[in-house]
Amino acid sequence: MKSIAAVFVVLAALGGCKSSDRTHEELPSDPAGQTAGIEERELYWHQRGTDAAKAIWSKYRVSNDVALIGDGEGDTPSFGFAVESFNLLLDSVSSFWRTDLAAEAISAYYNDLASVYPDRTASASNYEILRWATACLRASRVTRNKVYLDEGRSLYDAIWLGQVDNALDGGIWGRNDVKSEKSAGANLSAVVAAISLYYSTQDVKYLLQARRLYKWTVQKLVNPSTGAVYAWIAADGSRAENVLTSDAGLFISASMRLYRATGSGVYLSNAKKTADLLVAGLGGFSSMSSANIDSVSRGIAMRCLAELARRPGCEKYREYILSNARSAWTSRRLSDGINGPDWTQPPLGEEVVPPRHAVAAAVLYFSASRACR
């Protein structure tokens with residue numbers, strides 16, 4: 001079994017992209033001769049993401065025999081960071097890679113993570129478990145491998161059966177060890193997972209569950225006038241005043257998926273309202289270009305925003321993603337191809353950069369690619 005880094009090397013050598021007969025510099029002109037700028041091409045940003053991902057796995061991989069990348073806190077990555085690194089790999093392989101190389105890379109990462117975390121339900125964070133479940137469902141769509149579908153479904157089903165109750169009128173608890181609060185991250189991740197399961201299984205119960213969790217989240221954790229998404233509601237009914245960038249992104253993603261599944265315009269309207277707040281840096285959200293924000297949260301928000309940015313009439317979100325991507329690409333450290341926490345300037349010298357910052361930038365490049373689709 002090849003390691004992830006080895007697969008990236010094979011890709012570069014053999015041309016793993018489906019469009020491998022020409023480079024991103026050789027895109028054809030449109031019939032009218034009015035070509036879009038090279039930085040507004042899906043393949044251009046996919047290649048930037050692939051370059052960034054290759055640099056990350058070359059620099060941060062735990063060992064030559066393990067596909068996982070460390071999180072700067074030791075050789076073994078935290079489960080949550082390992083999940084987001086898997087999502088980065090899926091960003092890379094889901095569009096232009098050859099099917100066999102994609103399946104091999106996914107299998108290598110999945111098997112190594114399973115060996116480090118043999119019981120994925122051991123995480124106390126329902127949010128992390130649901131993020132992993134959704135990543136497995138993504139992997140099943142790319143590879144058509146039922147193993148990933150079965151894992152994603154079993155994890156989601158267990159949380160639905162064990163972590164949803166009548167406290168606070170419904171919703172999923174944020175943690176499975178203590179029932180102190182119900183979080184936006186857990187509930188919105190469950191909505192995304194449920195919609196994925198609905199499409200994969202055609203079982204309407206998942207659509208109904210997604211709508212139920214979404215409605216609860218809107219009622220308890222979303223400001224209807226501004227679109228702000230609050231982090232949690234405590235068991236005593238008190239609500240957090242802080243907002244998380246990743247929660248805003250997940251609300252956009254959940255809204256867009258329900259919009260596509262049902263055709264109801266209220267979901268699209270909700271997504272736009274929160275997106276407007278997010279890109280404006282209002283309502284408690286920080287500018288996503290700034291270093292003063294959790295990088296993993298920033299990457300999740302960009303990936304989710306790209307789902308809206310592809311729609312007609314949503315060009316301002318696409319340009320927002322592209323402007324961040326252009327800035328980050330010109331601000332990477334040329335010696336190793338790594339981005340730091342600030343997308344407006346490169347890391348200094350040989351400054352040690354925690355890999356979460358590099359991962360967030362790579363996710364940004366893939367988000368720009370999807371926004372141009």
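This structure is a prediction, so every number in the text was calculated from the model and none was measured. (Residues numbered from 1 in each chain as written. Predicted model: local features only at pLDDT ≥ 70, side-chain atom pairs only at ≥ 80, totals over all residues. Heavy atoms only, no water.)

J.: Describe the overall build of the chain, naming the residues involved and giving the relevant values.
T.: The helix and strand inventory of the chain stands at 13 helices and four strands. In the chain, which comprises 373 residues, the share counted as buried stands at 55%. Taking as baseline every contact in the chain between residues at least 6 positions apart, the subset at least 24 positions apart corresponds to 64%. Element-wise, carbon and sulfur atoms account for 50% of the exposed surface of the chain, whose accessible area totals about 15100 Å². (Helix = DSSP H or I, 4+ residues; strand = E, 2+ residues; numbered from the N terminus. Buried < 20%, exposed > 50% of the residue type's maximum accessible area, 1.4 Å probe, protein only. Contact = heavy atoms within 4.5 Å. Areas by Shrake-Rupley, 256 points an atom, 1.4 Å probe, with all protein chains shown as cover.)

J.: Lay out unusual backbone geometry with the relevant residues and their values.
T.: With phi around 60°, Leu-168 is a residue other than glycine that occupies positive phi space. For Leu-168, a relative accessible area of 16% gives the class buried. The phi dihedral of Gln-202 falls on the positive side, at around 60°, and the residue is not glycine. Position of Gln-202 among the secondary structure elements: in the loop between α7 (184-201) and α8 (204-221). Since its relative accessible area comes to 58%, Gln-202 is described here as exposed.

J.: Quick one: what's the story with the confidence of the model for the chain, residue by residue and with numbers?
T.: As a note on interpretation, predicted positions should not be read in detail where pLDDT is low. The share of residues in the chain with pLDDT of 70 or more is 87%, and the mean pLDDT across the chain is 88. Within the model, the stretch residues 9-35 combines pLDDT values under 50 with 34 contacts to residues more than four positions away or in other chains. (pLDDT = per-residue confidence, 0-100.)

J.: I'd like to hear about the packing of helix α4 (residues 99-116) against helix α5 (residues 126-143), residue by residue, with values.
T.: Look at α4 against α5: their axes get within 10 Å of each other, and the N-to-C directions meet at 150°. Viewed along their axes, α4 and α5 adopt a mutual orientation that is roughly antiparallel. The handedness of the crossing between α4 and α5 is left-handed. When α4 is examined against α5, the residues Ala-102, Ala-103, Ile-106, Tyr-110 and Leu-113 are found in contact with a partner set consisting of Trp-132, Cys-136, Ala-139, Val-142 and Thr-143. Each residue belonging to the contact of α4 with α5 can be placed in one class, and the counts come to nine nonpolar, one polar and no charged. (Axes fitted to C-alpha atoms, helices over the stretch in contact; angles between N-to-C directions. Parallel < 35°, antiparallel > 145°, perpendicular 65-115°, else oblique. Left-handed = near helix turned anticlockwise from the far one by under 90°. Nonpolar A, V, L, I, M, F, W, Y, C, P; charged D, E, K, R; others polar.)

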